[in-house]
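Each chain, letter by letter, is given below.
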Amino acid sequence: QVHVVESGGGLVQAGGSLRLSCVVSGHTFPPSMGWFRQAPGKEREFVVNINWSGSETYYADSVKGRFTISRDNVKNTVYLQMTSLKAEDTAVYYCATKQRPGRDVLRNYDNWGQGTQVTVSS
């Protein structure tokens, strides 16, 4: 069973930065990984995906230029460096594995972490 644990969320002022971490265990080979976020009353939305090696990434337009995903397969960790944070970035951020090919939609992601709260104040 693949287990995913996010951490690093917290309260930050608008314009600030935060780094989220996602540790995955129980896998045989590093899967593609993605970050999603969900605000209260909103649908869970795609943020960014990174392929197994870290050589390819795909960002939602809403975070391009502000967020950076990276991974360290030795540490089994995926990171989400968030800068220039906005109030609308406030959400629970989830990390998940993507072991099936296809679109970056919820149904194509497999194992999810418990989420970590990011709150951006202004």
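Residues numbered from 1 in each chain as written. Predicted model: local features only at pLDDT ≥ 70, side-chain atom pairs only at ≥ 80, totals over all residues. Heavy atoms only, no water.

## Topic: the pattern of salt bridges
Piece 1. Across all of its chains, the model carries 5 salt bridges by this definition.
Piece 2. Arg 37 is the salt-bridge partner of Glu 45, the closest N and O atoms lying 2.7 Å from each other.
Piece 3. The exposure class assigned to Arg 37 is buried, which follows from its relative accessible area of 5%.
Piece 4. Of the charged contacts in the structure, one is a salt bridge between Arg 100 and Asp 110, with a shortest N-O distance of 2.4 Å. Pair noted here: Arg 100 is in the loop between β9 (91-98) and β10 (116-121) and Asp 110 is in the loop between β9 and β10, with a separation of 10 residues, a long-range link.
Piece 5. For Asp 110, a relative accessible area of 24% gives the class partly exposed.
Piece 6. Each of the salt bridges in this network shares a partner with another, and the network as a whole consists of Arg 37, Glu 45, Arg 66 and Asp 89. (Salt bridge = Lys/Arg side-chain N within 4 Å of Asp/Glu carboxyl O. Buried < 20%, exposed > 50% of the residue type's maximum accessible area, 1.4 Å probe, protein only. Helix = DSSP H or I, 4+ residues; strand = E, 2+ residues; numbered from the N terminus.)

## Some details on the packing of aromatic side chains
Piece 1. On inspection of all chains with the given rule, the structure shows 6 aromatic pairs.
Piece 2. Between Tyr 109 and Trp 112, the aromatic rings sit 6.1 Å apart at their centres with planes inclined by 55°, giving tilted as the arrangement.
Piece 3. You can call Tyr 109 buried: its relative accessible area is 4%.
Piece 4. Classification of Trp 112 as partly exposed rests on a relative accessible area of 26%.
Piece 5. Three or more aromatic residues joined by ring pairs form one cluster here, namely Phe 36, Phe 46, Tyr 58, Tyr 94, Tyr 109 and Trp 112. (Phe/Tyr/Trp six-rings, centres within 6.5 Å; stacked < 30°, edge-to-face > 60°.)

## Here's the deal with unusual backbone geometry
Piece 1. For Asn 76, which is not glycine, the phi dihedral falls at a positive 55°.
Piece 2. Here Asn 76 shows up in the loop between β7 (67-72) and β8 (77-82).
Piece 3. A relative accessible area of 29% means that Asn 76 is categorised as partly exposed.
Piece 4. A positive phi is found at Ser 84, a non-glycine position, where the angle reads about 50°.
Piece 5. Inspection of the secondary structure puts Ser 84 in the loop between β8 and β9.

## With respect to the state of the cysteines
Formally, a disulfide is one covalent bond, and it connects the sulfur atom of one cysteine to the sulfur atom of another.
Piece 1. Taken as a whole and judged by the stated rule, the model has 1 disulfide.
Piece 2. Each sulfur in the disulfide pair Cys 22 and Cys 95 lies 2.0 Å from the other. The chirality of the disulfide connecting Cys 22 with Cys 95 is left-handed, given an S-S dihedral of about -85°. Of the two residues, Cys 22 sits in strand β3 (residues 18-25) while Cys 95 sits in strand β9, which places them 73 residues apart along the sequence.
Piece 3. With relative accessibility at 0%, the residue Cys 22 sits in the buried group. (Disulfide = S-S within 2.5 Å.)

## Description of the sheet that holds β3
Piece 1. If you walk across this open sheet you meet the 4 strands as β1-β3-β8-β7, and the pairing is antiparallel. Each edge of the open sheet is held by one strand with a lone partner, namely β1 (3-7) and β7. Across this sheet, the average inter-strand angle for adjacent strands is 15°, counted without regard to direction.
Piece 2. Looking at chain direction, β7 and β8 are connected through 6 bridges and run antiparallel. Among the inter-strand pairings, Phe 67 is bridged to a residue of β8, identified as Met 82. (Pairing = 2+ DSSP bridges. Axes fitted to C-alpha atoms, helices over the stretch in contact; angles between N-to-C directions.)

Such coordinate-based values are descriptive only and should not be taken to indicate function.
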